[in-house]
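Listed below, chain by chain, are the residues.
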Amino acid sequence: MRNEFEQLILDESIISEEELEKLKISQAATQKQLYMILIEDGLATKEHLNDLLFKRLGIEFIELEELSLDKDTAAIIPEEIAIKYCVFPFNMKNNILRVAMENPFYLSAIDSLRFISRMEVKPYLADKIQIKSIIDKYYRRQNVEKALEDLGLQFSESIKLE
């Protein structure tokens, strides 16, 4: 069974059925997102895919490297959930939690995030490597802050990717 993104790239004739099957094998071997493989292999541009995702599916691509992330927003989702679903919350406004996701079509993940946060969840597609990096940095920093707090010290600043 195909996910919505796979069906979209077939419908738009970006690749053929045979190419999709080959790319899925590559995807399994490299653990990269199909989105990233299409761009890296020169089969589509980031702009074209972003435009299609937004027009057809209402999904936007977000560059986590370009955001200044708020630790209070990030704290809404526990580390084990962020790791399990490869997600990171980056903005909260008007009871809507905006979440960077490796797979914004993963409905059970979105339902879980909605339950945990008690907010509506707006998923954004993001690069898996960026998400894992920011999860690691945020939760590592959170553990350091907790240790410093236990020692009676404070540490506070925005999370930024290097």
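Preceding this section is the structure that the text describes.
Quick caveat, the model's predicted, so the values are computed rather than measured.

Draft legend 1. Structural context of the sheet that holds strand S3 (residues 96-101). Overall, mixed pairing links the 4 strands, which are arranged S1-S4-S3-S2 in an open sheet. Where the open sheet ends on each side, the last strands, each with one partner, are strand S1 (60-61) and strand S2 (87-93). Examined bridge by bridge, S3 and strand S4 (residues 120-125) share 6 bridges and lie parallel to one another. Across the sheet, the residue bridging to Val99 is Pro123, located in S4. Relative to the sheet, helix H7 (residues 107-117) contacts S2, S3 and S4, its axis offset from that of S4 by approximately 135°.

Draft legend 2. Focus on the environment of Leu97. Here Leu97 is to be found in strand S3. For Leu97, the contacting residues outside a window of four places in its chain are Thr73, Ile76, Ile77, Pro89, Asn91, Met92, Ser117, Met119, Glu120, Val121 and Lys122.

Draft legend 3. Structural context of the nonpolar core. By size, the foremost hydrophobic cluster in this structure holds 28 residues, and its most contacted members are Phe88, Val99, Ala100, Leu113 and Ile131. Elements that contribute at least two residues to this core include exactly helix H6 (79-85), S2, S3, H7, S4 and helix H8 (128-150). Per-element tally for this core: the top contributor is H8, with 5 residues. If we skip the residues at most four places from it in the chain, Val99 touches Val87, Phe88, Pro89, Phe90, Leu113, Val121, Lys122, Pro123 and Tyr124. Counting residues in each nonpolar core, the second largest holds 21 residues, with Ile9, Met36, Leu53 and Ile59 among its members.

Draft legend 4. Here's a closer look at the side chain of Glu6. Inspection of the secondary structure puts Glu6 in helix H1 (residues 4-11). According to the relative accessible area criterion, Glu6 is buried, its value standing at 7%. In this structure Glu6 touches Met1, Leu20, Lys24 and Leu34, once residues within four positions along its chain are discounted.

Draft legend 5. Structural detail: the pairing of S2. Inspection of the sheet shows S2 paired to S3 by 6 bridges, in the antiparallel sense. Across the sheet, Val87 pairs through a bridge with Met101, a residue of S3. Hairpin geometry of S2 and S3 is characterised by an intervening segment of 2 residues between the two adjacent antiparallel strands and by a positive phi of about 50° at Asn94.

Draft legend 6. Representation of the layout of surface pockets in the model. Quantified by volume, the largest pocket comes out at close to 330 Å³. Asn3, Gln27, Gln33, Glu102 and Asn103 are, among the 19 residues lining the largest pocket, the residues nearest its centre.

Draft legend 7. How the structure looks around the packing of aromatic side chains. Tallying each qualifying case throughout the model produces 6 aromatic pairs. Aromatic pair Tyr35 and Phe61: ring centres 4.8 Å apart, planes at 15°, arrangement stacked. Residue Tyr35 is located in helix H3 (residues 34-40), and its partner Phe61 is located in strand S1; the two are separated by 26 residues in the primary sequence. Each member of the pair, Tyr35 as well as Phe61, is classed as buried. Their ring planes at 80° and their centres at 4.6 Å tell us that Tyr138 and Tyr139 sit as a pair that is edge-to-face.

Draft legend 8. Structural detail: H1. For H1, the complete set of buried residues consists of Phe5, Glu6, Leu8, Ile9 and Leu10. Buried residues in H1 make contact with helix H2 (17-30), H3 and helix H4 (46-57). Measuring from the backbone nitrogen of Phe5 back to the side-chain oxygen at the start of H1 gives 2.9 Å, which picks out Asn3 as the cap. At the exit of H1 stands Ser13, carrying a positive phi of roughly 55°.

Calculation rules
Every chain's residues receive numbers from 1 upward, in the order its sequence appears when written. Residue-level local features of this predicted model are given only where pLDDT is at least 70; pairs of side-chain atoms are given and counted only at 80 or more, and the full residue set underlies all totals for whole chains, interfaces and linings. Only hydrogens and water are set aside when side-chain values are computed; all heavy atoms of the structure are taken into account. The rule for pairing is simple: two strands pair if DSSP sees at least two bridges between them. Numbering goes from the N terminus for both helices and strands, where a helix is a DSSP run of H or I of at least four residues and a strand is a run of E of at least two. Should any heavy atoms of two residues lie within 4.5 Å, those residues are counted as being in contact. Lines are fitted to the C-alpha atoms to define the axes, a helix being fitted only along its stretch in contact, and any angle between axes, read from their N-to-C directions, falls within 0 to 180 degrees. The definition of a nonpolar core used throughout is a set of buried Ala, Val, Leu, Ile, Met, Phe, Trp, Tyr and Cys residues joined through side-chain atoms within 4.5 Å. Residue exposure (1.4 Å probe, protein chains only): buried if accessible area is under 20% of the type maximum, exposed if over 50%, otherwise partly exposed. Definitions used for this entry: grid spacing 1 Å over protein atoms alone; cavity, a set of points where a 1.4 Å probe fits but cannot get out; pocket, an open set with protein on both sides within 12 Å along at least 5 of 7 lines; lining residue, one with an atom within 4 Å of a point. Grid points are joined across faces, edges and corners, and a volume is the space filled by probe spheres set on the points. Pairs were defined over the aromatic rings of Phe, Tyr and Trp, the Trp ring being its six-membered one, requiring ring centres within 6.5 Å. Orientation was assigned from the angle between planes: stacked under 30 degrees, edge-to-face over 60, tilted for the rest. Pairing of N or O atoms within 3.5 Å defines a polar contact, subject to two protein rules: one partner must be a possible hydrogen donor and the other a possible acceptor, and residues neighboring in sequence count only if both atoms are side-chain atoms.

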